[in-house]
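Residue-level listing of the chains:
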Amino acid sequence: RMAAAPPSYCFVAFPPCSKDGLVVFGKNSARPRDEVQEVVYFAAADHDPGSKVECTYIEIEQVPKTHAVVLSRPSWLWGAEMGANEHGVCVANEAVVTREPASESEALLGMDLVRLGLERGATAKEALDVIVALLEEHGQGGNYYEDGSSCHTFQSAFLIVDRNEAWILETSGKYWAAEKITEGVKCICNQLSLTTKIDAEHPELRNYVRSQGWWNGDSDFNFSEVFSLADEHLACSSGRESLEKQGGDVSAQAMIDVLRDKDSGVCVDSESFLTTASIVSVLPQDPSFPCVHYFTGTPDPSRSIFKPFIFVDDVKLVPKVQSPSFGNDDPAKKIPRFQEKPDRRHELYKAHEWARSLLENDQDKGQKLMRIMLDLEKQGLEAMEDILTRTEILDPAEVVDLFYDCVDTELKFFK
């Protein structure tokens, strides 16, 4: 029996289920408990013809131009668990297990494909096209965890969202199917969810599953039924129900509340897995308004605060949520890999650990600190709501150090 995939949850809500003509996107990233996630920004860049890009395990051709991206990622790898680009595209991935064993040989990770889709796609559909073309060319495979003793491999599913539409992309090896969504709420987790509504697919998908004897060609083609291990394809109902309870009012705050919910299982805190980072993005359907992306940069959203980021030129970098870099000495880059685990904690992560021990050991002080933190978060949410409802165009200077200042203020409270 293959190891269970980490139970991350991804969400999207479209008007009229969401407030004020906004598309709202969110993800809780469930990963091994001790793994550190950092929040990193890469500016748009031009690349020379023939240049290569070094992903987590393999090198591939670079494209002439990459978009600016902000990513939340396990700090040992190149890709990302989730993130956004300057064109209002958001991508998150899910590790899934299918009846096709995932490859141990090093190729692109699902996380690499998240970043590549964001760097190369100016719309959700473009990002999807990028991801499936790279799957076809390079395949997916390699260890999903920083673990030298055992190789943990998975197939990938993705939620890809822009201001107008979302795509759920589910893959097994290089084969894939996708569904387009423009209304309602949708949740994906660590199981396949596509059934018979398929809006795009690998050209050889049906021939392939027929040749494997997984589908006879007579019945309706149901992607989850064909590719799931027996009894696996249950929709992530707890996640969707908690979002649907919000009625027609899914806002950034409502999405944050859903991500903080431990009772529903959306906020994971188990023996093996923890929600190590979270994101919520608000994408106004009117392109004259900026998109706002909130990141925690720390584990357990019920004890973290969501801090806003807006893309502008020369946005101020935030080293305090970036893990130390070990360059070519990084055990993740040497073969055999992961022979040791360096300390990857960034400054905010360390401060957060201190706050967490306070919450556990001194309830009064801990709760007081949490109230201050949530108040700080609320100020950020209200300031962003103001930006998204005013009539005049945003002055970039106003938000160039937005995320920087929020992280800085949070650190000051912890000290």
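Numbering of residues begins from 1 in every chain and follows the order in which that chain's sequence is written. Residue-level local features of this predicted model are given only where pLDDT is at least 70; pairs of side-chain atoms are given and counted only at 80 or more, and the full residue set underlies all totals for whole chains, interfaces and linings. The side-chain quantities take in all heavy atoms of the structure and omit both hydrogens and water.

Caption draft 1: Representation of the sheet that holds strand β18 (residues 307-309). For two strands to be treated as a pair, DSSP must find at least two bridges joining them. A run of H or I in DSSP counts as a helix once it spans at least four residues, and a run of E counts as a strand once it spans at least two, with each numbered from the N terminus. Spatial ordering of the open sheet is given by β14-β1-β2-β16-β17-β18, a layout of six strands whose pairing is antiparallel. Each end of this open sheet is capped by a strand with a single partner; those strands are β14 (185-188) and β18. On average, each strand axis in the sheet is tilted by 15° relative to the strand beside it, whichever way the strands run. In this sheet, strand β17 (residues 292-295) lies alongside strand β16 (residues 273-284) in antiparallel orientation, the contact comprising four bridges. The residue bridging Val282 from the neighbouring strand is Val292, located in β17. Along the sheet, helix α8 (residues 363-389) contacts β2 (22-32), β16, β17 and β18; its crossing angle with β17, the most-contacted strand, is approximately 170°. A fitted line through C-alpha atoms serves as each axis, taken over the contacting stretch for helices, and the angle formed by two N-to-C directions is quoted from 0 to 180°. Two residues qualify as a contact provided that any one of their heavy atoms is within 4.5 Å of a heavy atom in the partner residue.

Caption draft 2: View of the pattern of salt bridges. Whenever Lys or Arg places a side-chain nitrogen within 4 Å of a carboxyl oxygen from Asp or Glu, that contact is recorded as a salt bridge. The full count for this structure, using the stated rule, is 28 salt bridges. Linking Arg31 and Glu35 is a salt bridge whose minimum nitrogen-to-oxygen distance equals 2.6 Å. Only protein chains enter the accessibility calculation, which uses a 1.4 Å probe. A residue is then buried if its area is under 20% of the maximum for its type, exposed if over 50%, and partly exposed in between. What makes Arg31 buried here is its relative accessible area of 1%. Close ionic contact of Glu382 with Lys378 constitutes a salt bridge, the shortest N to O distance being 3.5 Å. Note that Glu382 and Lys378 are positioned in helix α8 at a spacing of four residues, about one turn of the helix. Using a relative accessible area of 45% as the deciding quantity, one classes Lys378 as partly exposed. Linked through salt bridges whose partners overlap, the residues forming this network are Arg33, Lys262, Asp269 and Asp300.

Caption draft 3: Up close: the sheet that holds strand β12 (residues 166-172). Pairing within the open sheet is antiparallel, and its eight strands lie in the order β3-β8-β9-β10-β11-β12-β13-β15. Strands at the two margins of the open sheet, each flanked by one partner only, are β3 (37-42) and β15 (200-201). Two elements, strand β9 (residues 82-85) and strand β10 (residues 90-96), share three bridges in a ladder whose sense is antiparallel. If you follow Ala84 over to β10, its bridge partner there is Cys90. Sheet strands in contact with helix α2 (residues 124-138) are β11 (155-161), β12 and β13 (175-181), and its direction is about 10° off that of β12.

Caption draft 4: Spotlight on the state of the cysteines. Disulfides are defined in this document as cysteine sulfur pairs within 2.5 Å. In total, this model carries zero disulfides according to the counting rule given. The thiol of Cys90 is unpaired, and the distance to the nearest cysteine sulfur, on Cys291, comes to 6.8 Å. Overall, the relative accessible area of 0% leaves Cys90 in the buried class. Of the cysteine sulfurs around Cys151, a residue in no disulfide, the closest is that of Cys55, at 17 Å.

Caption draft 5: Representation of unusual backbone geometry within the structure. For the bond from Pro15 to Pro16, the omega torsion is 5°, close enough to zero to count as cis. Its location among the elements puts Pro16 in the loop between β1 (9-13) and β2. The linkage connecting Ile335 with the following residue, Pro336, adopts the cis geometry, with an omega of -10°. Counting through the fold element by element, Pro336 comes out in the loop between β18 and α7 (347-361).

Caption draft 6: Representation of the packing of α7 against α8 in the model. Where α7 contacts α8, the two axes come as close as 6 Å, and the packing angle between them is 130°. The angle between the axes of α7 and α8 places the two elements in the oblique class. Between α7 and α8 lies a crossing whose hand is left-handed. The residues of α8 that touch α7, namely those facing Trp354, Ala355, Leu358, Leu359 and Asn361, are Gln363, Lys365, Gly366, Gln367, Leu369 and Met370. Nonpolar residues are Ala, Val, Leu, Ile, Met, Phe, Trp, Tyr, Cys and Pro. Charged residues are Asp, Glu, Lys and Arg, and all others, Gly as well, are polar. Grouping the constituent residues of the contact of α7 with α8 by class yields six nonpolar, four polar and one charged. Geometric relationships in this document are graded by angle, where less than 35 degrees denotes roughly parallel, more than 145 denotes roughly antiparallel, 65 to 115 denotes roughly perpendicular, and other angles denote oblique. Crossings are assigned a handedness: left-handed for a near helix turned anticlockwise from the far helix by less than a right angle, right-handed for a clockwise turn.

Caption draft 7: Geometry of the pairing of β12. In terms of residue burial, β12 counts as a mostly covered element, since seven of its seven residues are buried. Residues Ala166, Ile168, Glu170 and Ser172 line one face of β12 and the alternating positions Trp167, Leu169 and Thr171 line the opposite face, and both faces are buried. Note that β11 and β12 share five bridges and pair antiparallel. Residue Ile160 lies in a different strand from β12, and its bridge partner there is Trp167. As defined by bridge partners, β12 adjoins β13 across seven bridges and the pair is classed as antiparallel. Paired with Ala166 across the two strands is Ile181, which belongs to β13. Where β12 folds back on β13, the antiparallel hairpin that results is connected by two residues, among which Gly173 adopts a positive phi of roughly 65°.

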